Amino acid sequence: VLSATRILFGMSEQNELPPILAKTHSRFKTPYISILLTAAITLVLTIQSSFLTALTIATVTRLLVYATTCLALPVLRRRTGAPAGFLTPMGVVAAVLSLALIGWLLTRVDFAKEGLPILVAAGVGLLLYAVYRFIRRKNSPVS
């Protein structure tokens with residue numbers, strides 16, 4: 001639950017989602033709007049399905065986030081001009097092996113059961129992202 005809220009928070013901080021998702025609680029310093037939104041979406045998806053389906057959805061989405069991180073490693077290693085803070089031995093090899101493992105794990109998922117809720121969640125997320133980008137682009141001054 002907390003990793004999903006941090007993704008919304010981070011994307012909002014990078015101006016990829018509405019700034020309200022980056023708003024933090026004055027006392028606890030947590031992104032409470034992101035937490036509430038994630039909890040509400042999780043509640044709806046959990047009520048509409050079984051516990052095992054909710055668990056599978058959480059696992060698949062986490063694997064997809066890890067996969068994007070593994071994909072980013074070789075790209076960022078080539079693109080950046082700044083030296084890395086640390087180098088992991090066989091970092092790119094480990095990323096490729098991780099992608100292979102993630103791909104194998106995803107082939108074991110019964111998408112007939114969990115596919116629709118995953119697609120709905122992904123669709124809602126992509127729609128929110130696209131609408132915000134459209135609004136931001138429309139309201140930005142032309143250079």
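In what follows, the structure referred to is the one given above.
Residues numbered from 1 in each chain as written. Predicted model: local features only at pLDDT ≥ 70, side-chain atom pairs only at ≥ 80, totals over all residues. Heavy atoms only, no water.

**Let's talk about the packing of helix α3 (residues 51–79) against helix α5 (residues 111–139)**
Consideration 1: Viewed as axis vectors pointing N to C, α3 and α5 meet at an angle of 60°, and their least axial separation amounts to 10 Å. Judged on the interaxial angle alone, α5 and α3 are oblique. α3 and α5 meet at a crossing whose hand is right-handed. Between α3 and α5, the contacting residues are Leu52, Thr53, Thr56, Ile57 and Val60 on the first element and Lys113, Glu114, Pro117 and Ile118 on the second. (Axes fitted to C-alpha atoms, helices over the stretch in contact; angles between N-to-C directions. Helix = DSSP H or I, 4+ residues; strand = E, 2+ residues; numbered from the N terminus. Parallel < 35°, antiparallel > 145°, perpendicular 65-115°, else oblique. Left-handed = near helix turned anticlockwise from the far one by under 90°. Contact = heavy atoms within 4.5 Å.)

**What about unusual backbone geometry?**
Consideration 1: A positive phi angle is found at Lys29, which is not glycine, with a value near 60°.
Consideration 2: Following the sequence through the fold, Lys29 ends up in the loop between α1 (2–13) and α2 (32–47).
Consideration 3: A relative accessible area of 59% places Lys29 in the exposed class.
Consideration 4: One non-glycine residue, Met90, adopts positive backbone phi at about 55°.
Consideration 5: In this structure Met90 comes out as exposed when scored by relative accessible area, which is 62%. (Buried < 20%, exposed > 50% of the residue type's maximum accessible area, 1.4 Å probe, protein only.)

**Remarks on the layout of surface pockets**
Consideration 1: Within this model, the largest pocket holds a volume of roughly 1700 Å³.
Consideration 2: What lines the largest pocket is a set of 39 residues, and nearest its centre among them are Ala4, Ile7, Thr61, Val65 and Ala121.
Consideration 3: Contributions of two or more residues to the lining of the largest pocket are made by α1, α2, α3 and α5.
Consideration 4: By residue number, the principal contributor to the lining of the largest pocket is α3, which donates 14 residues.
Consideration 5: Across the lining of the largest pocket, the residue classes tally to 27 nonpolar, ten polar and two charged. (1 Å grid on protein atoms, 1.4 Å probe; cavity = no way out; pocket = protein on both sides within 12 Å on 5 of 7 lines; lining within 4 Å. Points joined across faces, edges and corners; volume = space filled by probe spheres on them. Nonpolar A, V, L, I, M, F, W, Y, C, P; charged D, E, K, R; others polar.)

**Things to note about the environment of Leu8**
Consideration 1: Along the polypeptide, Leu8 turns up in helix α1.
Consideration 2: Using a relative accessible area of 17% as the deciding quantity, one classes Leu8 as buried.
Consideration 3: Along the sequence, Leu8 and Leu105 sit 97 residues apart, while their C-alpha atoms lie 25 Å from each other.
Consideration 4: Setting aside anything within four residues of it in sequence, one finds Leu8 in contact with Leu17, Leu21, Ser34, Leu37 and Thr38.

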